[in-house]
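# Summary of structural features
So the chains spell out like this:
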Amino acid sequence: MIGFCGICDSELESLAYYCTDQEWLISARCKRGHLALLRYDREWNWKEDLPLEFVKEEIRVSDLDGEMLNSVFTPAEIRDMIACQQGRPYTRQNIYRARAKYERFEKLFGIKIEI
């Protein structure tokens, strides 16, 4: 363990170290999968933590774990999010309610939903 995640506060574990002429760079990942780059000077004095983001393939709501979805969204919201992604008819109000919860879902699970 080398610190705490700036996104979800879970423990960070180091993945790799890299030393330049001026600093140490450490890549780390938390238990929820968030990545960070920790910067230290050559004497191991902390400089900053930077979140790492990579291009991720689009995640479909129907591919997500049901328990994760049920912890944030109602069954009607889940049904209509899946229908919307599949191009089937859905109730707009359920999508509006679900969108209001996207940020909460991302904070809990580190997965960004976009429909």
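Let us look at the structure shown here. (Residues numbered from 1 in each chain as written. Predicted model: local features only at pLDDT ≥ 70, side-chain atom pairs only at ≥ 80, totals over all residues. Heavy atoms only, no water.)

### Regarding the sheet that holds strand β3 (residues 23-30)
Here five strands make up an open sheet; going across it, the order is β1-β2-β3-β4-β5 and the pairing antiparallel. Each end of this open sheet is capped by a strand with a single partner; those strands are β1 (3-4) and β5 (46-52). Looking at chain direction, strand β4 (residues 35-41) and β5 are connected through six bridges and run antiparallel. Residue pairing in the sheet places Ala 36 in a bridge with Pro 51 of β5. (Pairing = 2+ DSSP bridges. Helix = DSSP H or I, 4+ residues; strand = E, 2+ residues; numbered from the N terminus.)

### A word on the nonpolar core
Core analysis: the biggest nonpolar cluster contains 16 residues, and Leu 69, Phe 73, Met 81, Phe 105 and Ile 113 have the highest contact counts within it. Here this core gets four residues from one element, more than from any other, and that element is helix α2 (residues 75-85). For Met 81, the contacting residues outside a window of four places in its chain are Val 61, Phe 73, Ile 95, Ala 98, Tyr 102 and Ile 115. (Core = buried A, V, L, I, M, F, W, Y, C linked by side-chain atoms within 4.5 Å. Buried < 20%, exposed > 50% of the residue type's maximum accessible area, 1.4 Å probe, protein only. Contact = heavy atoms within 4.5 Å.)

### Here we look at the side chain of Arg 39
Residue position: Arg 39 is located in strand β4. A polar atom in the side chain of Arg 39 sits 2.7 Å from the side chain of Glu 23. Residues in contact with Arg 39, not counting those within four places in the same chain, are Glu 23, Trp 24, Leu 25, Asn 45, Trp 46, Lys 47, Glu 48 and Leu 50. (Polar contact = N/O pair within 3.5 Å; in protein donor to acceptor, adjacent residues only side chain to side chain.)

### Side note on the side chain of Glu 23
Along the chain, the position of Glu 23 falls in strand β3. At 3.2 Å, the side chain of Glu 23 and the side chain of Lys 47 are in polar contact. For Glu 23, the contacting residues outside a window of four places in its chain are Tyr 18, Arg 39, Tyr 40, Asp 41, Arg 42 and Lys 47.

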